[in-house]
Amino acid sequence: MQRIVILGNAGSGKSTLAREVGERLKLPVVHLDRLFWGPGWSKPQNEVFRARVSEAISGDGWVCEGNYYRQTFDLRLPRADLVVWLDTPRMTCLSRVILRSALNQPRPDLAAGCRERLDKEFLAFLRYIWNFDGDSRPLIEQERLARGHWCR
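Residues numbered from 1 in each chain as written. Predicted model: local features only at pLDDT ≥ 70, side-chain atom pairs only at ≥ 80, totals over all residues. Heavy atoms only, no water.

Asker: Looking at this structure, I do not really get the side chain of Ser-12. What am I missing?
Answerer: Examined against the element boundaries, Ser-12 turns out to sit in the loop between β1 (3-8) and α1 (14-25). By relative accessible area, which is 5% here, Ser-12 ends up buried. With residues up to four places along the chain from it excluded, the contact list for Ser-12 reads Leu-86, Thr-88, Cys-93 and Arg-96. (Helix = DSSP H or I, 4+ residues; strand = E, 2+ residues; numbered from the N terminus. Buried < 20%, exposed > 50% of the residue type's maximum accessible area, 1.4 Å probe, protein only. Contact = heavy atoms within 4.5 Å.)

Asker: Teacher, can you tell me more about empty space enclosed by the protein here?
Answerer: Gaps left between atoms are located by rolling a probe of water-molecule size over the structure's atoms. Tallied over the entire structure, the rule returns one cavity of 30 Å³ or more. By volume, the largest cavity amounts to about 30 Å³. Along the walls of the largest cavity sit Asn-9, Leu-86, Asp-87, Thr-88, Phe-132, Asp-133 and Arg-137, which together make up its complete lining. Considering each element in turn, the lining of the largest cavity owes the most residues, three residues, to helix α6 (residues 120-147). (1 Å grid on protein atoms, 1.4 Å probe; cavity = no way out; pocket = protein on both sides within 12 Å on 5 of 7 lines; lining within 4 Å. Points joined across faces, edges and corners; volume = space filled by probe spheres on them.)

Asker: Looking at this structure, I do not really get the side chain of His-31. What am I missing?
Answerer: Within the secondary structure, His-31 sits in strand β2 (residues 29-31). Polar side-chain contacts of His-31 include one of 2.7 Å to the side chain of Glu-65. Beyond its immediate stretch of four places on either side in the chain, His-31 contacts Ser-15, Arg-19, Glu-65, Pro-108 and Asp-109. (Polar contact = N/O pair within 3.5 Å; in protein donor to acceptor, adjacent residues only side chain to side chain.)

Asker: I keep staring at the nonpolar core and nothing clicks. Help me out?
Answerer: Nonpolar side chains in soluble globular proteins generally cluster together in the buried interior. Among the nonpolar cores identified, the biggest contains 21 residues, and Val-5, Leu-7, Leu-32, Val-53, Trp-62 and Ile-140 are the most heavily contacted of them. Within the residue set of this core, elements represented by two or more residues are β1, α2 (32-36), α3 (46-56), β3 (62-65), α4 (69-76), β4 (82-86) and α6. (Core = buried A, V, L, I, M, F, W, Y, C linked by side-chain atoms within 4.5 Å.)

Asker: Whenever I open this one, the packing of aromatic side chains confuses me. Can you help?
Answerer: Two aromatic rings, taken as a pair, are described by how far apart their centres are and by the angle between their planes. Considering all chains together, one arrives at nine aromatic pairs under this definition. Relative to Phe-49, the ring of Phe-36 has its centre 5.0 Å away and its plane inclined at 85 degrees; by these criteria the two rings are edge-to-face. Taken together, the residues span a long stretch of sequence, with Phe-36 in helix α2 and Phe-49 in helix α3 at a distance of 13 residues. For the pair shown, Phe-36 and Phe-49 are each scored as buried. Grouping aromatic residues by their ring pairs yields a cluster made of Phe-36, Trp-37, Trp-41, Phe-49 and Tyr-68. Its guanidinium or amino end placed over the ring of Trp-130, Arg-90 lies 3.5 Å from that ring's centre, counting from NZ or CZ. One Lys or Arg, Arg-137, reaches over the ring of Trp-85 and ends 4.1 Å from the middle of that ring. (Phe/Tyr/Trp six-rings, centres within 6.5 Å; stacked < 30°, edge-to-face > 60°. Lys NZ or Arg CZ within 6 Å of the ring centre and 35° of its normal.)

Asker: Help me understand the layout of surface pockets, please; the structure alone is not making it clear to me.
Answerer: Looking at the largest pocket, its volume works out to about 1,300 Å³. Lining the largest pocket are 40 residues, and of these Ala-10, Asp-33, Trp-37, Arg-100 and Phe-125 lie nearest its centre. Put simply, the parts of the chain that give the lining of the largest pocket at least two residues each are α1, α2, α4, α5 (90-103) and α6. Looking at the lining of the largest pocket element by element, the count peaks at seven residues for α6.

Asker: Honestly, the sheet that holds β2 in this entry has me stumped. Any pointers?
Answerer: Strand pairing in a sheet takes place through backbone hydrogen bonds and is either antiparallel or parallel in direction. Pairing in this open sheet of four strands is parallel, and the strands run β2-β3-β1-β4 from one edge to the other. Looking at strand neighbours, the two that pair on one side only are β2 and β4, the edges of this open sheet. Adjacent strand axes in the sheet meet at a mean angle of 20 degrees, parallel and antiparallel pairs treated alike. (Pairing = 2+ DSSP bridges. Axes fitted to C-alpha atoms, helices over the stretch in contact; angles between N-to-C directions.)

Asker: Would you mind showing me how to read α5 here?
Answerer: Structural remark: α-helix, 3.6 residues per turn; residues separated by three or four positions point the same way. Helix length check: α5 (14 residues) gives 20 Å between terminal C-alpha atoms against 20 Å at 1.5 Å per residue, within 8%. Taken residue by residue, α5 has Cys-93, Leu-94, Val-97 and Ser-101 as its buried positions. Seen end-on, α5 carries its buried residues on one side only, within an arc spanning 95 degrees. Counted as exposed and oriented over 90 degrees from the buried face of α5: Met-91, Leu-99 and Ala-102. Among the structural elements, α6 are those in contact with the buried residues of α5. A positive backbone phi angle near 50 degrees is found at Asn-104, which sits one or two residues after α5. (Expected span 1.5 Å × (residues − 1). Arc of directions from axis to C-beta.)

Here is the structure:
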């Protein structure tokens, strides 16, 4: 396995697993959040984000973590050897996100100039995590099956 995509809810352990697999297999790790977010949580234009992802996965081997299915599955899945779905309980995901946000420590998967905030957007993010399995996961899985039919 030289090109691995890791999917899952926020706080599911995607970044940690990607770093560990990358170390063991001696592959570069691509954190999609680092490619997407700009300073102060600014969003790039879609073309800019897609160009960053294309560049990051242009090599022969990588571990890429993050969902961004609408924007990047057509780029990543055709090249992937393996797709890993992390099925972490939502209470675990919530507790991890709350803890890391409260600690507000720099993380290798967090874009430069982005600091965790406990604000209105954070509460919406917690709702997203809580509802992930019912709302987002089916859409991601549908797109995975459409784009990555080889890994059904």
